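# A closer look at the structure
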Amino acid sequence: VTANGSLQAPRVEARLTYAGARIGADLEAQLQEALPRYQAKLRVESLDVAKLRPNLAGEIQTTLQLQGAGFTPEQRRATLNLAVDSRNFSLAPGLTVRLQANLAGQTLNLQEMRVTSTPVQLTAGGTLSAAQATGVNYTLTLGDLTPLQNMLGPAVQASGALTGRVWGPLNALQTTGSLRI
């Protein structure tokens with residue numbers, strides 16, 4: 001772990017190895033400005049899933065990036081990007097995750113949320129807000145559930161999709177959906 005800069009402009013770098021993975025984190029802030037800015041990046045390379053869960057196999061790579069400005073609801077603006085990729089992941093072969101979101105004040109715009117694997121696919125997008133009634137649409141589609149058999153026990157076969165919407169202010173969310181099996 002390396003820290004430098006000042007209290008008004010800190011910078012931290014961390015590098016470590018865990019479960020066979022190389023993990024790196026970079027954090028930086030400019031707190032002296034009228035509108036404080038911050039950014040963070042986390043990278044996880046070659047995480048051996050079996051070292052965390054012995055009955056599973058595969059490797060996971062992850063990158064998380066956050067950039068933002070302001071801390072009060074009126075000033076707050078942030079962008080979040082998440083990417084997860086896998087190799088030979090026994091539970092969810094072909095697993096990839098993509099998430100892109102923006103936060104403006106009390107409103108979260110989920111530009112893209114996509115989880116793809118052999119057993120399931122999930123897509124979602126929309127807006128949630130503490131101040132107004134907005135919504136997120138989602139679709140969960142079942143694929144080949146064979147990889148889940150080791151975790152669930154008996155063989156599972158199904159196909160179908162769940163589509164729906166989550167809406168309303170954050171303190172009173174509502175949902176509706178449709179299940180097709």
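Placed above this text is the structure.
Helix and strand counts for the protein chain stand at one helix and twelve strands. Tracing the protein chain from N to C terminus, the helices and strands come up as β-β-β-β-β-β-β-β-β-β-α-β-β. The C-alpha extent of the protein chain, read off along each of the three principal axes, is 60 × 45 × 20 Å. Evaluated residue by residue, the protein chain yields a buried proportion of 28% over its 181 residues.

Turning next to the environment of Ala25. One can find Ala25 in strand E3 (residues 21–30). Along the primary structure Ala25 and Ala161 are separated by 136 residues, whereas in three dimensions their C-alpha atoms are 37 Å apart. Dropping the residues within four chain positions of it, Ala25 is found in contact with Val12, Glu13, Ala14, Arg15, Lys41 and Leu42.

To continue, consider a nonpolar patch on the surface. A grouping of Leu16, Tyr18 and Leu52 is seen on the molecular surface, where their side chains present a nonpolar patch of about 310 Å² in accessible area. Relative to the elements of secondary structure, Leu52 occurs in the loop between strand E4 (37–48) and strand E5 (59–69).

Right, let's talk about the side chain of Thr134 for a bit. On the secondary structure map, Thr134 appears in the loop between strand E9 (120–129) and strand E10 (135–142). Once residues within four sequence positions are removed from consideration, Thr134 is found in contact with Thr127, Leu128, Ser129, Arg165, Val166, Trp167 and Gly168.

Okay, the environment of Gln132 next. For Gln132, the position within the fold is in the loop between E9 and E10. Here Gln132 falls in the partly exposed class, since its relative accessible area comes to 44%. Residues Gln132 and Pro169, spaced 37 residues apart in sequence, show a C-alpha to C-alpha distance of 5.6 Å. Dropping the residues within four chain positions of it, Gln132 is found in contact with Thr107, Gly168 and Pro169.

Let's shift gears to the packing of aromatic side chains. Counting across every chain of the model gives one aromatic pair. With a centroid separation of 5.2 Å and 20° between ring planes, the pair formed by Tyr38 and Phe71 is classed as stacked. Separated by 33 residues along the polypeptide, Tyr38 in strand E4 and Phe71 in the loop between E5 and strand E6 (77–87) bring together distant segments of the chain.

Our focus in this paragraph is the pairing of strand E8 (residues 107–116). Bridge count for strand E7 (residues 96–104) against E8 is nine bridges, and the pairing is antiparallel. When the sheet's bridge partners are listed, Gln100 is paired in E8 with Glu112. Where E7 folds back on E8, the antiparallel hairpin that results is connected by two residues, among which Gly105 adopts a positive phi of roughly 65°. Bridging between E8 and E9 involves eight bridges; their strand directions are antiparallel. What sits directly across from Val115, in E9, is Leu122. Hairpin connection between E8 and E9: a loop of three residues separates the two successive antiparallel strands.

With that settled, the discussion passes to the nonpolar core. Of all hydrophobic cores here, the largest spans 15 residues; its most connected members are Leu47, Ile60, Phe89 and Leu95. Listing elements by their share of this core, those giving two or more residues are E3 and E4. Each residue touching Ile60, except ones within four places of it in the same chain, is listed here: Val44, Glu45, Ser46, Leu47, Val49, Val84, Asp85, Ser86, Phe89 and Leu95. Core analysis: the second largest hydrophobic core is formed by seven residues, Ala124, Leu128, Val136 and Tyr138 among them.

Two strands in a sheet stick together by hydrogen bonds in their backbones, pointing the same way (parallel) or opposite ways (antiparallel). Across the sheet, twelve strands lie side by side as E1-E2-E3-E4-E5-E6-E7-E8-E9-E10-E11-E12; this open sheet has antiparallel pairing. Single-partner strands in this sheet number two, and they are strand E1 (2–5) and strand E12 (174–180). Shown here is a sheet whose adjacent strand axes are inclined to one another by a mean of 5°, direction ignored. Across seven bridges, E9 lies against E10 in antiparallel orientation. Within E10, the residue paired with Leu122 across the bridge is Leu140.

Calculation rules
- Residues numbered from 1 in each chain as written.
- Predicted model: local features only at pLDDT ≥ 70, side-chain atom pairs only at ≥ 80, totals over all residues.
- Heavy atoms only, no water.
- Helix = DSSP H or I, 4+ residues; strand = E, 2+ residues; numbered from the N terminus.
- Buried < 20%, exposed > 50% of the residue type's maximum accessible area, 1.4 Å probe, protein only.
- Contact = heavy atoms within 4.5 Å.
- Patch = residues over 30% accessible without salt bridge, like charges linked within 9 Å, V, L, I, M, F, W, Y side chains within 5 Å.
- Areas by Shrake-Rupley, 256 points an atom, 1.4 Å probe, with all protein chains shown as cover.
- Salt bridge = Lys/Arg side-chain N within 4 Å of Asp/Glu carboxyl O.
- Phe/Tyr/Trp six-rings, centres within 6.5 Å; stacked < 30°, edge-to-face > 60°.
- Pairing = 2+ DSSP bridges.
- Core = buried A, V, L, I, M, F, W, Y, C linked by side-chain atoms within 4.5 Å.
- Axes fitted to C-alpha atoms, helices over the stretch in contact; angles between N-to-C directions.

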